[in-house]
Amino acid sequence: MRGFLSLHTRTGWLAFATLTALLLIAVPLLNALPADSALHLPDYLVPLLGKFCCYALVALAMDLIWGYTGILSLGHGVFFALGGYSMGMYLMRSMAGQGVYRSQLPDFMVFLNWKELPWFWHGFDQFWFAALMALAVPGVLAFVFGWFAFRSRIKGVYFSIITQALTFALMLLFFRNETGFGGNNGLTDFKQLLGFSLAEPGVKLGLYWISACVLLTVYLLAQAIVHSKFGRVLTAIRDAESRVMFCGYEPLYYKLAVWTLSAVLCGLAGALYVPQVGIINPSELEPTQSIEMAVWTAVGGRGTLAGALLGAATVNGLKSWFTVAAPELWLYVLGALFVGVTLFLPQGLIGLVRRLRPGKTEEVRA
Amino acid sequence: MCRLLRFLLLACALGSTLPAFAVSFDDTITHLGADPQSLRSAVGELAAANDPRALIFLEALRDGRVSFRDGEVLIKDGDTLKRARDGVAVTGEPGSAPLLNNAVRRGIDSALTRLQLTSPDRAVRLAAATAFADRPVRAAEDSLRAALAAEIDQEVIHALRLALAPIELQSEDRGKRLAAIRTLADEGEPRVIAVLDPIAKGDDAELATAARSAIDAITDRQWFRDQAGNLFYGLSLGSVLLLAALGLAITFGLMGVINMAHGELLMIGAYATYVVQNLFRSYLPGAFDWYLLAALPVAFLAAAAVGWLLERLVLRHLYGRPLETLLATFGLSLMLIQTVRLIFGAQNVEVANPSWLSGGIQVTAQMVLPYNRIATVIFAFAVLAAVWLIFQKTRLGLRVRAVTQNRGMAAAMGIDTRRIDAMTFALGAGVAGLGGVALSQLGNVSPDLGQARIVDSFMVVVLGGVGKLAGAVAGGMGLGIVNKFLEPAMGAVLGKIVLLGFIILFIQKRPQGLFALKGRAVEG
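About the criteria used
- Each chain has its residues counted from 1, following the order in which its sequence is written.
- Lettering for chains starts from A, numbering for ligands starts from 1, and both go in the order in which the items are written.
- It should be noted that, the model being predicted, local features are given only for residues of pLDDT at least 70 and side-chain atom pairs only at 80 or more, the latter also being counted only at that level, while totals for whole chains, interfaces and linings use all residues.
- UniProt positions are given in the numbering used here, feature names are shortened, and annotations may be inferred rather than shown by experiment.
- Helix numbering and strand numbering both begin at the N terminus, where a helix is a DSSP run of H or I of at least 4 residues and a strand a DSSP run of E of at least 2.
- Between the two quantities, the radius of gyration covers C-alpha atoms and the globule rule is 2.2 Å times the number of residues to the power 0.38.
- Note on burial: count the other C-beta atoms lying within 10 Å of the residue's C-beta; 20 or more is buried, 12 or fewer is exposed, in between is partly exposed, and C-beta positions come from the backbone.
- Working definition of a contact: two residues with C-beta atoms, positioned from the backbone, lying within 7 Å.
- As used throughout, a nonpolar core is a set of buried Ala, Val, Leu, Ile, Met, Phe, Trp, Tyr and Cys residues joined through C-beta atoms within 7 Å of each other.
- The rule for pairing is simple: two strands pair if DSSP sees at least two bridges between them.
- Every helix has an expected span of 1.5 Å times one less than the residues it contains.
- Note on residue classes: Ala, Val, Leu, Ile, Met, Phe, Trp, Tyr, Cys and Pro are nonpolar, Asp, Glu, Lys and Arg are charged, and everything else, Gly too, is polar.
- Whenever a helix is involved, its axis is fitted only over the stretch in contact; in every case the axis is a line through C-alpha atoms, and angles between N-to-C directions fall within 0 to 180 degrees.
- Note on angle classes: values under 35 degrees are labelled roughly parallel, values over 145 roughly antiparallel, values of 65 to 115 roughly perpendicular, and the remainder oblique.
- Crossings are classed by handedness, with left-handed meaning an anticlockwise turn of the near helix from the far one by less than a right angle and right-handed meaning a clockwise turn.
- Per-residue confidence from the predictor is given as pLDDT, running between 0 and 100.

Chain B carries the name Amino acid/amide ABC transporter membrane protein 1 (HAAT family) in an unreviewed UniProt entry, which gives Plasticicumulans acidivorans as its organism. Taken from UniProt, the Sequence similarities (unreviewed entry) comment for chain B reads in full: "Belongs to the binding-protein-dependent transport system permease family. LivHM subfamily."

Chain A has the name Amino acid/amide ABC transporter membrane protein 2 (HAAT family) in an unreviewed UniProt entry, where Plasticicumulans acidivorans is given as its organism. Here chain A is described in UniProt, under the heading Subcellular location (unreviewed entry), as follows: "Cell inner membrane".

1. A short note on the overall build of chain B
Counting its regular elements, chain B contains 21 helices and six strands. Here the C-alpha radius of gyration of chain B, 33 Å, is well above what a compact globule of 524 residues would show, namely 24 Å. Reported as C-alpha extents along the three principal axes, the dimensions of chain B are approximately 105 × 65 × 40 Å. By residue count, 43% of the 524 residues in chain B fall in the buried class. When contacts within chain B are restricted to residue pairs at least 6 apart in sequence, long-range pairs at least 24 apart make up 70% of them.

2. Things to note about the overall build of chain A
For chain A, the helix and strand inventory stands at 15 helices and four strands. For chain A, the spread of C-alpha atoms along the three principal axes comes to 65 × 60 × 45 Å. Looking at the 366 residues of chain A, the share that counts as buried comes to 45%. Long-range pairs, those at least 24 residues apart, make up 77% of the contacts in chain A with a sequence separation of at least 6.

3. A few points about the nonpolar core
Formed by 201 residues in total, the largest nonpolar core has its most connected members in A:Ala56, A:Leu57, A:Val58, A:Ala59, A:Leu60, A:Ala165 and B:Leu246. Per-element tally for this core: the top contributor is helix H3 (residues 45-68) of chain A, with 16 residues. If we skip the residues at most four places from it in the chain, A:Val58 touches A:His76, A:Phe80, A:Cys266, A:Ala269 and A:Met293. Among the nonpolar cores identified, the runner-up in size contains 28 residues, and B:Ala133, B:Ala159, B:Ile199 and B:Ala214 belong to it.

4. Topic: the UniProt feature "transmembrane region" (unreviewed entry) in chain A
All names here are of chain A. Here, the residues flagged by UniProt with the feature "transmembrane region" (unreviewed entry) are residues 48-66, 73-92, 127-150, 157-175, 206-226, 252-274 and 329-353. Overall, residues 73-92 shows 85% helix and 0% strand. The separation of its end C-alpha atoms is 30 Å. Between the end C-alpha atoms of residues 206-226 there is a gap of 30 Å, over a span that is 100% helix and 0% strand.

5. Focus on the pairing of strand S1 (residues 66-69) of chain B
All names here are of chain B. Relative to strand S2 (residues 72-77), S1 runs antiparallel, the two being bridged by four bridges. Note that in S2 the partner of Val-66 across the bridge is Ile-75. A loop of two residues connects S1 with S2, the two strands running antiparallel in sequence, and Asp-70 in this loop sits at a positive phi of about 50°.

6. Looking at helix H14 (residues 322-344) of chain B
The terminal C-alpha atoms of H14(B) lie 32 Å apart, and with 23 residues this matches the ideal 33 Å at 1.5 Å per residue to within 8%. Positive phi shows up at B:Gly345, right after H14(B), with a value of about 90°.

7. Structural notes on the interface of chain B and chain A
By a frequent convention, interface size equals the accessible area lost on bringing the separate parts together. With 32 residues of chain B in contact, the opposing surface of chain A contributes 35 residues. For the side of chain B that touches chain A, the secondary-structure elements that each account for two or more residues are H14, helix H19 (451-464) and helix H21 (492-509) of chain B. At 14 residues, the largest contribution of residues to the side of chain B that touches chain A is made by H14(B). A class-by-class count of the residues in the side of chain B that touches chain A yields 25 nonpolar, five polar and two charged.

8. Details of the packing of H3(A) against helix H13 (residues 305-325) of chain A
All names here are of chain A. The interhelical angle for the contact between H3 and H13, taken along N-to-C directions, is 135°, at an axis separation of 8 Å. On the basis of the axis angle, H3 is oblique to H13. Relative to H13, the crossing made by H3 is right-handed. Contacts between H3 and H13 involve Leu-48, Phe-52, Tyr-55, Ala-56, Ala-59, Leu-60, Met-62 and Asp-63 from the former and Leu-305, Ala-308, Leu-309, Gly-311, Ala-312, Ala-313, Asn-316 and Ser-320 from the latter. Residue composition of the contact of H3 with H13, by class: twelve nonpolar, three polar and one charged.

9. A closer look at the UniProt feature "transmembrane region" (unreviewed entry) in chain B
According to UniProt, the feature "transmembrane region" (unreviewed entry) maps to residues 231-258, 290-310, 322-344, 374-391, 458-482 and 488-507 of chain B in the numbering used here. Within the segment residues 290-310 of chain B, helix and strand shares are 95% and 0% respectively, and the terminal C-alpha atoms sit 31 Å apart.

10. Looking at the confidence of the model for chain B
If pLDDT is low for a region, its predicted coordinates should not be looked at in detail. Residue and element names in this part refer to chain B. When the pLDDT values of chain B are averaged, the result is 79; 90% of them are 70 or greater. The secondary structure element of chain B with the lowest average pLDDT is helix H1 (residues 2-14), at 49, and the one with the highest is helix H13 (residues 291-313), at 92. In this model residues 8-23 is a low-confidence stretch, pLDDT under 50, and it forms 13 contacts with partners more than four residues away in sequence or in other chains. Of the regions scoring below 50 in pLDDT, residues 518-524 engages in three contacts with residues more than four places distant in sequence or in other chains. Across the assembled chains, the prediction reports ipTM 0.83 with pTM 0.76.

11. Remarks on the packing of helix H15 (residues 371-393) of chain B against helix H16 (residues 395-405) of chain B
Residues and elements named next belong to chain B. With their axes 5 Å apart at the nearest point, H15 and H16 run at an angle of 75° to one another. Classed by the angle they form, the pair H15 and H16 counts as roughly perpendicular. Here H15 contributes Ile-390, Phe-391, Gln-392 and Lys-393 to the contact with H16, which in turn contributes Leu-396, Gly-397, Val-400 and Arg-401.

12. A few points about the pairing of strand S3 (residues 80-83) of chain B
All names here are of chain B. In this structure, S2 lies alongside S3, joined through four bridges in antiparallel fashion. Bridging from a neighbouring strand, Leu-74 pairs with Arg-83 of S3. Hairpin connection, S2 to S3: the antiparallel pair is bridged by two residues, and Gly-78 has positive phi, about 70°. Pairing between S3 and strand S4 (residues 89-90): two bridges, direction antiparallel. When the bridges of S4 are listed, Leu-81 appears paired with Val-90. Taking the residues that link successive antiparallel strands as the turn, the S3-S4 hairpin has five residues, and the phi of Gly-87 there is positive, at about 75°.

13. Digging into the confidence of the model for chain A
Residues and elements named next belong to chain A. Of the residues in chain A, 95% reach a pLDDT of 70 or more, and the chain-wide mean stands at 85. When mean pLDDT is taken per element in chain A, helix H11 (residues 251-277) scores highest with 93 and helix H1 (residues 2-5) scores lowest with 61. Taken as a whole, residues 360-366 scores under 50 in pLDDT and shows ten contacts with residues more than four places along the chain or in a different chain.

Right under this line is the structure:
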């Protein structure tokens, strides 16, 4: 218990408690207020906040691999999408007979004139199987890919570029109708999850609440990891990989472990994301999407988990606002964020906060 | 329309070339009667008359557009009536139609065949012979043989032999059939396999063997043609990749800058071409065909200027921090895309091929080598040669190489390394702009043009190995050709995915690429 409590300073725990209260208690309460109240949180914002929680989860995963281990992945969109597709497949199967064509097959298969389910769609009528796959498929893919990449000591930009190639290849694959994941349109038009109608505001709130819980749990888990000996070795690999090797550690296993964990977390985020957003399609696999994930982490501040949360919230908040208010300006803002953060804020927003509060150099201590 | 053209040709020709044999045609037409006997003998005479008007008249007769009025023979051409003997238009209604029986019709068909096959116009002969090769007609055998004996043009001879062979295959004479099989083996297209197949399965052992080897020969030839086609399209795709990646080979390979905005420099080159094209269209329509030449320097300078700005404003603060460079340049690429989108719109813009790049070389019926693709291959190697010359033979190139090899030492020798950095980057950007000119000639020009290319370009550079132009060439051509050979087997998308998978595996084995730098530079 002492070890766990020592993950944060007192202010750190205070901030964490505030965040928890805000996400888990304040949001449902504000949502429950009568609609004419000034503090009422409209229903449409609830899934949006849920979406942000999923993004923040991705940013945490990204921070573990990039911020702490120094490996920039441009393929996290892949793991996110694979988790999302697994959940989407369950949702499609669970609405058999309720589609436009009233068929036992998903609508797009009827449309393509397929007579039976492809083999890889079997088992997805069970929620537990889909949930397992949402974690296992990204995990296994990351493990295999990482095994090859880290074993031949591909690092730096080369690793980034081949992860981007992976993303690009999978995007092309998923865009094909014949691949069996709904092609261009992806999987959409979901009806219910475990018997709960996805259109119900209560279900949406529940999903949001679960996402927030998962996010906070993963945050604590990640804190525990980065402050463990394992986490220390990761940071050491980031700062001087050769020295870590000379000290007798094998970086391969450390990198592989954190890389796989990061992918699994992304899969989890994807699986939570899909029922709230109601669609998963290959656009999630666009290389741009994966790079944007890196920017969430960069904007918040690499190498601090709080930074990842802050970055995901800031960038996506801005995005939601700009794409409504001034859509033509959004790409400029995003581009400027990329450039501005790398040029002027290498430590991200957290770094800025720390710079404004001299004397408090380290927020967290082990 | 075709007939009208022939009429016009005829009208032009009347004054000059025709009088020598015009007598016969005119005689026949003047004494033409409307009864079958008279028509039949007239058709026979016309078949022998070497006169383009005979062709027109016979076609009209076959189609029932010939009529007699007041002793004059009229031809209905669309809505107008014309006199058969001189093509002058007349007013009024068509006269009485001639009586055609089957004998006359047969006569007309064979006369038309003979006239077309012996026409002085090579294109008419070729078209007729090709038509017979496509759809062999037994009745035309004699005309075809006569035409083959008189023909001198190789292409027409080829078509005539192809037209004769299927007919001779049905002949009673075994010698003729064997000869026909050999002809088909030498010149046949894949479609004659259907004709040869029954013979190959037939009872006559000698014929069957000959037919089987003919089928093999045709299939082999087709295979080689397919491979040659793949090779050409692979080279063409390879040169596009090379053009796209060459600039990257300079900025990434030599300077180590991960420029994710490289694709947008291609896009700027393509839009510069578009602007130059529009300027030519508005102000110099006479010289429109040459706008592409003017677009080359404009595209180079536009992209180089943008590249220079990027280097000055952003990149030089990020040297030695490749991951940050990657993110920053990606941000820049977003801004560039959005800027172009605001100026030119999000839709594709149309960049026309100049007339000297439209069309192509017809190799076989199935295979055309488009001029714009051929030009791209040549252009890619010209740009490559220019870049090589700049690096090997100019002072700038010498300095760039010096800074690449040892920055500190180069600075100590008095080289302004910052300036060299900026110029190298601008050069790489300019080369990307030239690539954009080529891309504008091959496909759509849209603000997303570069995004689709950037992954490919990096693959080329990574595959080829960083720091060597030869690597970019090997990477680009290798990827292009392998891609085109994979495509027929597994489709474009799967082929590409397999290729990306292959590169990922290849980098595992040889992280330094095909052409690795040797010595101490590897450490840098």
